[in-house]
There are 2 protein chains.
Amino acid sequence: MTGSLTVVGLGPGDPDLLTDSARAALDRAQDLIGYIPYVARVPERPGLVRHASDNRVEIDRARHALELAASGRHVAVVSGGDPGVFAMAAAVFEAVDHGDPAWRQLAITVEPGITAMLAAAARLGAPLGGDFCALSLSDNLKPWEVVTARLEAVLRADLVVALYNPISKARPWQLGAALEIAAGIRAAETPVAFARAVRRPDEAIRVMTLAEAREAPADMATLVLIGASTTRLIPRGVGQHPFVYTARSVAAR
Amino acid sequence: MTGSLTVVGLGPGDPDLLTDSARAALDRAQDLIGYIPYVARVPERPGLVRHASDNRVEIDRARHALELAASGRHVAVVSGGDPGVFAMAAAVFEAVDHGDPAWRQLAITVEPGITAMLAAAARLGAPLGGDFCALSLSDNLKPWEVVTARLEAVLRADLVVALYNPISKARPWQLGAALEIAAGIRAAETPVAFARAVRRPDEAIRVMTLAEAREAPADMATLVLIGASTTRLIPRGVGQHPFVYTARSVAAR
């Protein structure tokens with residue numbers, strides 16, 4: 001077997017946020033595998049076979065990629081953001097773990113990318129300036145009780161919270177429930193940011209209080225950031241959202 | 001004031017992990033400000049004035065950058081990894097918040113980068129495949145009691161934990177104390193990774209159990225990852241560290 005599999009992070013969508021290393025991995029690929037909109041981001045070229053698939057078939061997609069690599073092909077599995085953060089890398093290694101033992105000998109690599117949380121933070125200022133966490137609000141793969149237990153723990157520990165997968169057509173109420181839990185633990189004036197489609201043409205950044213966030217609309221392309229007690233706003237001019245940053249220092253309790 | 005200030009993430013050190021957008025920001029800069037080893041990573045060129053400073057003077061460095069930008073210069077403040085993650089962006093916005101009100105009108109932007117946690121995860125497999133957090137073990141800016149309270153909370157909530165700033169000459173015992181706390185909450189066989197200087201020539205990746213980690217050496221260039229109950233190892237050939245990944249699914253309790 002002389003094939004290879006690279007899981008490539010495409011970043012938030014702006015081609016200027018791709019790393020050279022990720023671009024080189026795409027240039028080497030013979031087969032491109034991923035969710036339809038991510039495959040569509042990679043320019044067509046002669047010799048590149050594109051295998052775009054719908055959402056929520058991650059394990060099938062991973063197995064397909066491994067089979068192609070095992071047959072000698074050079075395969076790139078593409079993910080938005082960073083492939084290791086709520087994306088395809090874990091699905092690929094799950095498939096390796098439970099699949100053909102020969103797959104363990106394949107040249108499998110991961111090319112990191114700018115995950116949504118980092119792109120959103122950069123647009124806002126420095127909201128992740130202290131300790132922080134990334135939680136997926138999806139209860140497709142874990143019970144809702146686990147989601148809420150984790151959320152309560154990190155809110156009480158005063159971490160900044162980045163919520164991935166906050167809402168979808170099939171999961172319309174989870175974000176509201178999460179913000180309700182947050183409102184029971186953090187102050188009503190806690191800064192909250194909804195960062196949508198960061199660095200894409202339809203980017204929309206909203207900064208509000210936790211109380212206001214409970215009424216604000218969001219969609220699948222939104223990353224939600226809930227500030228800590230040390231997260232502050234710096235007002236700017238009309239039409240500009242304030243800078244949001246989390247102070248590096250925490251006072252003694 | 002027609003100057004500007006961009007806080008630029010240089011990534012883990014491999015120039016191939018820089019984004020095009022970060023590189024363009026460096027190319028536009030007239031003044032380069034940062035910690036000595038980060039400034040040294042940027043090639044010299046005519047017209048670029050370099051201001052390298054020692055560690056632990058972040059606020060002085062941020063004020064200097066803002067003063068230069070306010071005087072009309074185009075300034076790049078460089079950080080390793082992502083500037084928003086335990087790096088220079090928060091210091092810059094702290095300086096804006098507490099400094100000259102005119103600084104709020106400056107064109108201040110942040111260029112995200114590949115933070116150590118993402119680079120290390122990509123090398124290991126997909127250890128951040130579930131919910132995770134990033135904690136700084138440094139007690140320079142927060143009381144040790146806050147560090148340990150946060151660590152206990154995220155360990156009990158079964159998040160994967162990335163420990164930044166695990167150890168330094170001035171803070172020799174904190175990592176051992178943190179691993180001791182982890183050993184009281186997580187199983188002795190929990191996977192732990194020490195990822196040092198990822199994608200630099202002196203890269204060293206070690207994967208071990210939590211019990212073994214308590215005896216393992218680390219230094220300032222090390223990122224420590226403590227797995228969750230769902231973090232698994234996939235053994236490979238002799239001389240290769242196992243793949244480490246965190247399963248995407250969490251069973252009902």
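All values reported here derive from a predicted model rather than from experimental measurement.

Criteria and cut-off values
Residues numbered from 1 in each chain as written. Chains lettered and ligands numbered in written order. Predicted model: local features only at pLDDT ≥ 70, side-chain atom pairs only at ≥ 80, totals over all residues. Heavy atoms only, no water. Least-squares fit on C-alpha atoms with pLDDT ≥ 70 in both. Contact = heavy atoms within 4.5 Å. Buried area = accessible area lost by both parts, 1.4 Å probe. Salt bridge = Lys/Arg side-chain N within 4 Å of Asp/Glu carboxyl O. Polar contact = N/O pair within 3.5 Å; in protein donor to acceptor, adjacent residues only side chain to side chain. Axes fitted to C-alpha atoms, helices over the stretch in contact; angles between N-to-C directions. Helix = DSSP H or I, 4+ residues; strand = E, 2+ residues; numbered from the N terminus. Left-handed = near helix turned anticlockwise from the far one by under 90°. Nonpolar A, V, L, I, M, F, W, Y, C, P; charged D, E, K, R; others polar. UniProt positions renumbered as here; feature names shortened; annotations may be inferred. Buried < 20%, exposed > 50% of the residue type's maximum accessible area, 1.4 Å probe, protein only. Core = buried A, V, L, I, M, F, W, Y, C linked by side-chain atoms within 4.5 Å. Domains from an automatic or database assignment. Expected span 1.5 Å × (residues − 1). Arc of directions from axis to C-beta. Pairing = 2+ DSSP bridges.

### Observations regarding the relation of the copies chain A and chain B
Step number 1: Mapping chain A onto chain B leaves a residual RMSD of 0.0 Å; the transformation is a rotation of 180 degrees accompanied by 0.0 Å of translation along its axis. Expressed as an axis order, the relation between the two copies is that of a two-fold axis.

### Considering the interface of chain A and chain B
In many analyses, interface size is given as the accessible surface area lost on bringing the parts together.
Step number 1: The interface is formed by 73 residues belonging to chain A together with 73 residues belonging to chain B.
Step number 2: Counting the surface lost from both chain A and chain B, the interface buries some 6100 Å², and carbon and sulfur atoms represent 60% of this.
Step number 3: Per-residue buried area on chain A facing chain B is highest for Asp131, Arg150 and Arg248 of chain A; these three make up 13% of the total on that side.
Step number 4: Here chain A is connected to chain B by 12 salt bridges.
Step number 5: With its nearest N and O atoms 2.9 Å apart, the salt bridge here joins Asp20 of chain B to Arg23 of chain A.
Step number 6: Taken together, the links from chain A to chain B amount to 27 residue pairs in polar contact (both at pLDDT 80 or more).

### Let's talk about the packing of helix H6 (residues 144-156) of chain A against helix H7 (residues 174-185) of chain A
All names here are of chain A.
Step number 1: Between H6 and H7, the least distance of the axes is 10 Å, while the angle of their chain directions is 35 degrees. The hand of the H6/H7 crossing is right-handed. Within the contact between the two elements, H6 uses Trp144, Thr148, Leu151, Glu152, Leu155 and Arg156 and H7 uses Gln174, Ala177, Ala178, Ile181, Ala182 and Ile185.
Step number 2: Residues of the contact of H6 with H7, tallied by class, amount to 8 nonpolar, 2 polar and 2 charged.

### Let's talk about the UniProt feature "domain: Tetrapyrrole methylase" (unreviewed entry) in chain A
Step number 1: Mapped onto this numbering, the UniProt entry gives "domain: Tetrapyrrole methylase" (unreviewed entry) at residues 5-213 of chain A.
Step number 2: For residues 5-213 of chain A, helix accounts for 36% and strand for 24%, while the C-alpha atoms at its two ends are 41 Å apart.

### Examining the packing of helix H3 (residues 58-70) of chain B against helix H4 (residues 88-98) of chain B
All names here are of chain B.
Step number 1: Running from N to C, H3 and H4 point in directions that differ by 65 degrees, and their axes come no closer than 8 Å. By crossing handedness, the relation of H3 to H4 is classed as right-handed. Every residue of H4 that contacts H3 at Glu58, Ile59, Arg61, Ala62, Arg63 and Leu66 is listed here: Met88, Ala91, Val92, Glu94, Ala95 and Val96.
Step number 2: Considered class by class, the residues forming the contact of H3 with H4 number 8 nonpolar, no polar and 4 charged.

### Brief notes about the pattern of salt bridges
Step number 1: Within the structure shown, the criterion is met by 28 salt bridges over all chains.
Step number 2: A salt bridge links Arg199 of chain A to Glu111 of chain B, with the nearest nitrogen and oxygen atoms 3.1 Å apart. Of this pair, Arg199 of chain A sits in the loop between strand S9 (191-196) and strand S10 (204-209) while Glu111 of chain B sits in strand S5 (residues 107-111), placing the two residues on different chains.
Step number 3: In this structure, the salt-bridge partner of Glu203 of chain B is Arg123 of chain B, at a minimum N-O distance of 3.0 Å. Remark: Arg123 of chain B occurs in helix H5 (residues 116-124) and Glu203 of chain B occurs in the loop between strand S9 (191-196) and strand S10 (204-209); sequence separation between them is 80 residues.
Step number 4: Classification of Glu203 of chain B by relative accessible area gives partly exposed; the value is 28%.
Step number 5: Of the residues examined, Arg123 of chain B reaches a relative accessible area of 36% and is grouped as partly exposed.
Step number 6: Shared partners join several salt bridges into a network, and the residues in it are Asp131 and Asp158 of chain A together with Lys142 and Arg150 of chain B.

### Considerations on the nonpolar core
Step number 1: In this structure, Leu163 of chain A together with Leu163 of chain B are the most contacted members of the largest nonpolar core, which totals 51 residues.
Step number 2: With near-sequence residues (within four places) excluded, Leu163 of chain A lies in contact with Leu135, Leu137, Leu151, Leu175, Ala178, Leu223, Val224 and Ile226 of chain A.
Step number 3: Formed by 44 residues, the second largest nonpolar core is a distinct cluster that contains Leu118 and Leu124 of chain A together with Ala195 and Leu223 of chain B.

### What about the domain arrangement of chain A?
Residues and elements named next belong to chain A.
Step number 1: Splitting chain A by domain gives domain 1 (4-114) and domain 2 (117-246).
Step number 2: Every contact between the two is made by 10 residues of domain 1 and, on the other side, 12 residues of domain 2.
Step number 3: Counting each side, the surface lost to burial between domain 1 and domain 2 is near 840 Å², with a carbon and sulfur contribution of 63%.
Step number 4: Looking only at domain 1, the three residues that lose the most surface to domain 2 are Pro12, Arg56 and Phe86, adding up to 50% of its buried area.
Step number 5: Here domain 1 is connected to domain 2 by 1 salt bridge.
Step number 6: Linking Arg199 and Asp14 is a salt bridge whose minimum nitrogen-to-oxygen distance equals 3.4 Å.
Step number 7: Between the two partners, domain 1 and domain 2, sit 2 residue pairs in polar contact (both at pLDDT 80 or more).
Step number 8: Counted by class, the side of domain 1 that touches domain 2 contains 5 nonpolar, 2 polar and 3 charged residues.

### Quick word on helix H3 (residues 58-70) of chain A
All names here are of chain A.
Step number 1: Between the first and last C-alpha of H3 there are 18 Å, a value that for 13 residues agrees with the 18 Å anticipated at 1.5 Å per step.
Step number 2: Taken together, the buried positions of H3 are occupied by Arg61, Ala62, Ala65, Leu66, Leu68 and Ala69. All buried residues of H3 fall inside an arc of 160 degrees around its axis, so they share one side.
Step number 3: Packed against the buried residues of H3 are strand S1 (4-9), strand S2 (31-35), strand S3 (49-53), strand S4 (74-79), helix H4 (88-98) and strand S5 (107-111).

### Examining the pairing of strand S13 (residues 243-246) of chain A
Residue and element names in this part refer to chain A.
Step number 1: Alternating positions in S13 separate into two faces, Phe243 and Tyr245 on one and Val244 and Thr246 on the other, with burial throughout.
Step number 2: Here strand S6 (residues 125-126) runs beside S13; their pairing, made up of 2 bridges, is parallel. Paired with Gly125 across the bridge in S13 is Val244.
Step number 3: Where strand S12 (residues 231-234) lies against S13, 4 bridges are found, and the strand directions are antiparallel. Bridge assignment links Arg232 to a residue of S13, and that residue is Tyr245.

### A short note on the environment of Gly227 of chain B
All names here are of chain B.
Step number 1: If you trace the backbone, Gly227 turns up in the loop between strand S11 (222-226) and strand S12 (231-234).
Step number 2: Here Gly227 falls in the buried class, since its relative accessible area comes to 4%.
Step number 3: Sequence separation of Gly227 and Leu155 is 72 residues, and the distance between their C-alpha atoms is 9.4 Å.
Step number 4: Not counting the four nearest positions on each side in its chain, Gly227 is found in contact with Val160, Arg186, Thr190 and Pro191.

### Section: the sheet that holds S11 of chain B
Step number 1: Sheet architecture is open: 10 strands sit in the order S10(A)-S9(A)-S11(A)-S8(A)-S7(A)-S7(B)-S8(B)-S11(B)-S9(B)-S10(B), paired in mixed fashion. One side of each edge strand has no neighbouring strand; the edge strands of this open sheet are S10 of chain A together with S10 of chain B. Along the sheet, successive strands turn relative to each other by an average axial angle of 15 degrees, direction set aside.
Step number 2: Of the pairings in the sheet, the one linking strand S8 (residues 160-164) of chain A to strand S11 (residues 222-226) of chain A comprises 3 bridges and is antiparallel in character. Looking across to S11 of chain A, one finds that Ala162 of chain A is bridged to Leu225 of chain A.
Step number 3: Across the face of the sheet, H5 of chain B comes into contact with strand S7 (132-136) of chain A together with strand S7 (132-136), strand S8 (160-164), S9, S10 and S11 of chain B while running at roughly 65 degrees to S11 of chain B.

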